[in-house]
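# Survey of secondary and tertiary structure
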Amino acid sequence: MAAIYGLCSSSSTSNLIPKPHSWIVSYPHRIEETFKSGFSGVSCKNWSTNGNNNNVLTHSVARDVSVSVSTTTGDDMAGKSKSKRVLEMDPQVLWERYTEWLYQHKDLGLYLDVSRVGFTDEFVQEMEPRFMKAFKAMEELEKGAIANPDEGRMVGHYWLRNPSLSPKASLKLQIENSIEAICAFADEIVGGKIKPPTASRFTQILSVGIGGSALGPQFVAEALAPDNPPLKIRFIDNTDPAGIDHQIAQLGPELASTLVIVVSKSGGTPETRNGLLEVQKAFREAGLNFSKQGVAITQESSLLDNTARIEGWLARFPMFDWVGGRTSEMSAVGLLAAALQGINIKEMLAGASLMDEATRSREIKNNPAALLALCWYWATDGVGSKDMVVLPYKDSLLLFSRYLQQLVMESLGKEFDLDGNRVNQGLTVYGNKGSTDQHAYIQQLRDGVHNFFVTFIEVLRDRPPGHDWELEPGVTCGDYLFGMLQGTRSALYSNARESITVTVQEVTPRSVGALIALYERAVGIYASIVNINAYHQPGVEAGKKAAGEVLALQKRVLSVLNDASCKDPVEPLSIEEVADRCHSPEDIEMIYKIIAHMAANDRAVISEGHCGSPRSIKVFLGECNVEDLYD
Ligand SMILES: O=P(O)(O)OC[C@H]1O[C@H](O)[C@H](O)[C@@H](O)[C@@H]1O
């Protein structure tokens with residue numbers, strides 16, 4: 001059912017003023033400033049008719065807000081009867097709000113500050129039933145319910161750090177065995193007991209995988225690997241030949257001491273398969289025996305698992321059916337690479353487990369994941385109307401936003417809800433790090449289009465004890481970083497840009513484990529609140545299918561060109577002729593692109609015309625295969 005929400009215009013009267021709340025509107029003049037500079041385009045929903053409270057506010061609001069037309073259903077509007085974007089500016093009231101809402105996890109030394117998100121008490125109350133439902137769904141998920149109904153799967157990443165929660169003893173055993181096997185294997189590799197055939201010990205890891213089979217290990221390596229790890233790690237996470245060549249070239253002679261870890265839950269992802277084939281070729285060319293240096297992490301009996309078994313690879317580790325790629329960091333996917341780099345994986349698991357306990361609380365205020373979900377819903381109207389900019393002020397957390405991008409966007413970006421309604425849900429995530437980004441795009445965040453909220457990640461410990469010094473009286477380098485974060489938070493808020501701040505003491509295996517667990521749970525809770533399946537990714541298949549069709553068409557193009565190129569004399573063809581002979585006139589644009597790509601790679605010869613003028617081209621193959629290999 002389409003609904004049109006409250007109209008706010010300058011001619012409207014005070015019956016459109018938002019309902020006052022206890023902490024709102026202390027300094028009308030400052031609020032007015034805020035509205036002038038920061039609120040154009042804000043949608044007004046369910047404005048209360050209980051007005052007449054603040055004329056200054058009325059006029060400012062009326063000047064800048066716009067009409068919002070929405071097609072959300074009545075149910076979708078639950079929890080949205082809020083006087084939005086009226087942010088408190090009085091420092092004393094803000095301090096009270098800060099202390100009232102500050103979440104602290106004592107054991108983890110983790111804080112969550114949601115005071116700079118403007119949700120109201122009324123909004124929290126309205127959302128309460130949805131959260132209760134979400135908490136219940138989460139309990140059932142942890143008990144082994146089929147929480148991913150489309151794929152008929154359980155969702156068990158929480159069991160990985162507390163195996164005793166597993167719904168079956170056999171699963172508990174599988175998890176425990178796999179952690180034990182990872183630790184034992186890593187010890188033997190690092191200790192030099194397991195050696196490569198032609199080097200004294202393994203010195204490098206080349207991790208081949210994509211998506212959830214790469215992003216967690218990449219984030220954790222960047223965050224936690226020591227300066228001189230026992231094994232250094234590199235990644236091949238694409239089917240870009242130049243990127244693959246670069247990684248292999250960088251390894252140089254150390255290929256002989258490289259442990260290649262191929263990671264793929266399904267065991268059939270094309271990019272990962274291609275990476276493997278390319279690496280195996282490099283091994284052959286270097287006269288090395290790949291199977292003595294190869295490790296597979298995949299589901300039992302997948303194509304990759306069977307290949308590794310048949311070829312007798314060095315080791316195989318399981319990926320479980322009930323762990324999704326984007327929540328697999330605490331499985332062998334993340335743990336093996338981490339252990340080999342000398343990262344304390346038991347601490348990572350302990351941090352995640354502590355956070356899991358905290359995020360089981362049924363009290364929103366006392367549950368950091370629920371607080372995040374609450375803020376996301378508030379900030380984005382529960383429909384992803386604003387982006388989440390993630391800004392860790394710490395270089396080692398650079399890849400956190402990229403990691404979260406998959407976790408959040410692949411989980412929440414869904415066309416349909418669990419009842420089959422088209423909802424086109426999502427929450428866009430981007431960001432790099434502060435203060436670096438202050439010199440790039442924060443100008444727009446402060447002054448430009450208001451389509452985001454920020455999550456700051458603050459790390460209190462600047463550098464290890466005993467290394468600090470004052471680069472000017474009373475001020476360290478880390479004080480500048482701290483000042484930049486606080487300054488940006490204040491500057492954004494003064495222009496009505498909302499932000500969340502997550503604070504940890506240090507970047508340690510424990511805090512990184514906790515951060516991962518915090519966001520995994522927040523995504524799960526949020527998905528429940530907006531009634532979507534967070535654990536499948538049906539949309540990803542469309543691109544894969546289309547890519548397969550392009551490659552099939554390319555084979556037909558090659559076959560047609562081959563026939564013409566085997567003639568004597570060679571018969572160059574126009575794009576139209578190729579399309580006709582492929583019986584695919586409707587694919588002419590793609591055929592042109594295929595030919596241009598082949599010509600750029602010396603696999604087709606343009607004999608006439610040029611690629612900038614597609615109709616002018618005549619093309620043939622440089623070599624003719626008498627036996628047509630392309631059909
Ligand atoms: O681990 P794999 O089976 O190779 O999958 C790798 C990635 O590819 C897919 O397309 C999915 O969208 C991701 O969720 C997954 O992490």
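Up top is the structure these notes are about.
We now turn to the structure provided with this report. Sequence positions are assigned chain by chain, starting from 1 and proceeding in written order. The predicted origin of the model limits local features to residues at a pLDDT of at least 70 and limits the giving and counting of side-chain atom pairs to 80 or more, whereas totals for whole chains, interfaces and linings rest on all residues. For side-chain calculations, the full set of non-hydrogen atoms in the structure is used, while hydrogens and water are omitted.

## Remarks on the overall build of the protein chain
Strands here mean DSSP runs of E at least two residues long; helices mean DSSP runs of H or I at least four residues long; both are numbered from the N terminus. For the protein chain, the helix and strand inventory stands at 19 helices and 18 strands. Think of it in three bands: with a 1.4 Å probe and only protein chains considered, a residue is buried below 20% of the maximum accessible area for its type, exposed above 50%, and partly exposed in between. Per-residue burial for the protein chain yields a buried fraction of 51% across its 631 residues. Residues count as neighbours in contact if any of their non-hydrogen atoms are within 4.5 Å of one another. Partitioning the intrachain contacts of the protein chain with sequence separation of at least 6 by distance along the chain shows that 75% fall at a separation of at least 24. Accessible surface computed for the protein chain: about 27800 Å², of which carbon and sulfur atoms make up 51%. Values of accessible area rely on a 1.4 Å probe in the Shrake-Rupley scheme; residue burial ignores everything except the protein chains shown.

## Section: helix H13 (residues 400–412)
Here H13 is 13 residues long and its end C-alpha atoms lie 17 Å apart, about the 18 Å a rise of 1.5 Å per residue gives. Those residues of H13 that sit buried are Phe400, Ser401, Tyr403, Leu404, Gln406, Leu407, Val408, Ser411 and Leu412. Contacts made by the buried residues of H13 are with helix H6 (215–224), helix H12 (368–380), strand E10 (387–392), strand E11 (429–430), strand E12 (452–459) and helix H16 (509–529). A helix is expected to span 1.5 Å multiplied by its residue count minus one.

## Describing the site of the ligand
A single heavy atom is enough: if one lies within 4 Å of a molecule or strand, its residue is considered near that molecule or strand. The environment of the ligand is made up of 14 residues, and the closest members are Ser213, Ser264, Ser266, Thr269 and Glu410. Pairing of N or O atoms within 3.5 Å defines a polar contact, subject to two protein rules: one partner must be a possible hydrogen donor and the other a possible acceptor, and residues neighboring in sequence count only if both atoms are side-chain atoms. Here an oxygen atom of the ligand and a backbone polar atom of Gly212 are 2.8 Å apart. Taking 390 Å² as the accessible area of the ligand by itself, protein coverage stands at 88%. Of all elements in the fold, only H13 and helix H17 (538–565) reach the threshold of two or more residues within the shell around the ligand. Only Asp, Glu, Lys and Arg are considered charged in this grouping, and only Ala, Val, Leu, Ile, Met, Phe, Trp, Tyr, Cys and Pro are considered nonpolar; every other residue, Gly among them, is considered polar. Residues of the shell around the ligand, tallied by class, amount to two nonpolar, eight polar and four charged.

## Describing a nonpolar patch on the surface
In this scheme, patches are assembled from residues that exceed 30% relative accessible area and form no salt bridge. Like charges are connected within 9 Å, while nonpolar side chains (Val, Leu, Ile, Met, Phe, Trp, Tyr) are connected within 5 Å. Here a salt bridge means any side-chain nitrogen of Lys or Arg lying within 4 Å of a carboxyl oxygen belonging to Asp or Glu. Where nonpolar side chains cluster on the molecular surface, the patch consists of Trp469, Leu471, Tyr480 and Met484 and spans about 390 Å² of accessible area. Tracing the backbone through its elements, the reader meets Leu471 in strand E13 (residues 470–472). Owing to a relative accessible area of 35%, Leu471 belongs among the partly exposed residues under this scheme.

## Re the packing of H13 against H16
Helix axes are fitted to C-alpha atoms over the stretch in contact, other axes to C-alpha atoms as well, and angles between N-to-C directions run from 0 to 180 degrees. Taken N-terminus to C-terminus, the directions of H13 and H16 make an angle of 20 degrees; their axes are 10 Å apart at the nearest point. As far as their axial angle goes, H16 and H13 are roughly parallel. The handedness of the crossing between H13 and H16 is right-handed. Across the interface between the two elements, Phe400, Tyr403, Leu404, Leu407, Val408, Ser411 and Leu412 from H13 touch Leu515, Ile516, Tyr519, Glu520, Val523, Tyr526 and Ala527 from H16. The residue makeup of the contact of H13 with H16, split by class, is 12 nonpolar, one polar and one charged. An angle below 35 degrees is treated as roughly parallel, one above 145 as roughly antiparallel, one from 65 to 115 as roughly perpendicular, and anything else as oblique. Whether a crossing is left-handed or right-handed is set by the direction in which the near helix is turned from the far one by less than a right angle, anticlockwise for left-handed and clockwise for right-handed.

## Considering the pattern of salt bridges
Evaluation of the coordinates by the stated rule reveals 25 salt bridges. Each member of the salt-bridge network shares a partner with another, and the members are Glu142, Arg161, Asp356, Arg360, Glu520 and Arg521.

## Here we look at unusual backbone geometry
Across residues other than glycine, the phi torsion is negative in most instances, and most of the peptide bonds are trans. Following Gly434, the chain continues into Ser435 via a peptide bond in cis, with omega recorded as 0 degrees. Among the secondary structure elements, Ser435 is positioned in the loop between E11 and helix H14 (442–447). Omega for the peptide link from Asp568 to Pro569 comes to 0 degrees, which places this bond in the cis form. Mapped onto the fold, Pro569 is located in the loop between H17 and strand E16 (573–574). A positive phi angle, near 65 degrees, is found at Ala496, a position not held by glycine. With a relative accessible area of 2%, Ala496 lands in the buried category.

## Structural notes on the pairing of strand E8 (residues 294–298)
Most of E8 sits inside the fold, with five of its five residues counted as buried. Neither face of E8 is left uncovered, since the one carrying Gly294, Ala296 and Thr298 and the one carrying Val295 and Ile297 both have all their residues buried. A pair of strands is considered paired only if DSSP assigns at least 2 bridges between the two. Note that strand E7 (residues 258–264) and E8 share five bridges and pair parallel. Bridging from a neighbouring strand, Ser264 pairs with Thr298 of E8. Crossover E7 to E8 through helix H8 (residues 270–285) is right-handed. As paired elements, E8 and strand E9 (residues 315–318) share four bridges and run parallel to each other. Within the sheet, the bridge partner assigned to Ile297 lies in E9 and is Phe317. Seen with its strands pointing away from the viewer, a crossover is right-handed if its path from the first strand over the helix to the second goes clockwise.

## Focus: the packing of helix H4 (residues 121–142) against H12
Contact pair H4 / H12: the axes reach a minimum separation of 11 Å and the direction vectors enclose 125 degrees. Viewed along their axes, H4 and H12 adopt a mutual orientation that is oblique. As H4 runs across H12, the sense of the crossing is right-handed. The residues of H12 that touch H4, namely those facing Phe123, Val124, Met127, Arg130, Phe131 and Phe135, are Ala370, Ala373, Leu374, Tyr377 and Trp378. For the contact of H4 with H12, the class distribution of residues is 10 nonpolar, no polar and one charged.

## Here we look at the sheet that holds E12
The strand order E3-E4-E15-E12-E10-E11 describes an open sheet built from six strands, whose pairing is mixed. In this open sheet, the two strands that pair with only one neighbour each are strand E3 (103–105) and E11. The strands touched by H16 are strand E4 (110–113), E12 and strand E15 (499–504); relative to E15, the strand with the most contacts, the crossing angle is about 150 degrees.

## Describing the side chain of Ser435
On the basis of relative accessible area, Ser435 is assigned to the buried category, the value being 17%. In this structure, Ser435 is in contact with Tyr393, Leu481 and Met484, ignoring residues within four places of it in sequence.

## Let's talk about the nonpolar core
Where a protein is soluble and globular, its nonpolar side chains tend to be buried together. Phe119, Phe131, Phe219, Trp376, Tyr519 and Ile525 are the most contacted members of the largest nonpolar core, which has 115 residues in total. Per-element accounting of this core gives the leading share, 13 residues, to H16. Nonpolar cores are built from buried Ala, Val, Leu, Ile, Met, Phe, Trp, Tyr and Cys residues. Side-chain atoms within 4.5 Å join them into one set.

## Re the environment of Asp479
Structurally, Asp479 is set in helix H15 (residues 477–494). With 115 residues separating them along the chain, Asp479 and Ile594 place their C-alpha atoms 54 Å apart. Ignoring any residue separated from it by four or fewer positions in sequence, one finds Asp479 in contact with Asp462 and Gly474.

## A word on the state of the cysteines
A pair of sulfur atoms, both from cysteines and within 2.5 Å, is called a disulfide here. For the coordinates displayed, the defined rule picks out one disulfide. Residue pairing for Cys566: its cysteine sulfur links by disulfide to Cys624, the two sulfurs lying 2.1 Å apart. Its S-S torsion of about 105 degrees marks the bond between Cys566 and Cys624 as right-handed, since a negative value means left-handed. Remark: Cys624 occurs in the segment after strand E18 (618–620) and Cys566 occurs in the loop between H17 and E16; sequence separation between them is 58 residues. Accessibility expressed as a relative area gives 33% for Cys624, which makes it partly exposed. Residue Cys582 stays outside any disulfide, its sulfur separated by 15 Å from that of Cys566, the closest cysteine. We classify Cys582 as buried; its relative accessible area is 6%. With no disulfide of its own, Cys611 lies closest to Cys582 among cysteine sulfurs, the gap being 17 Å.

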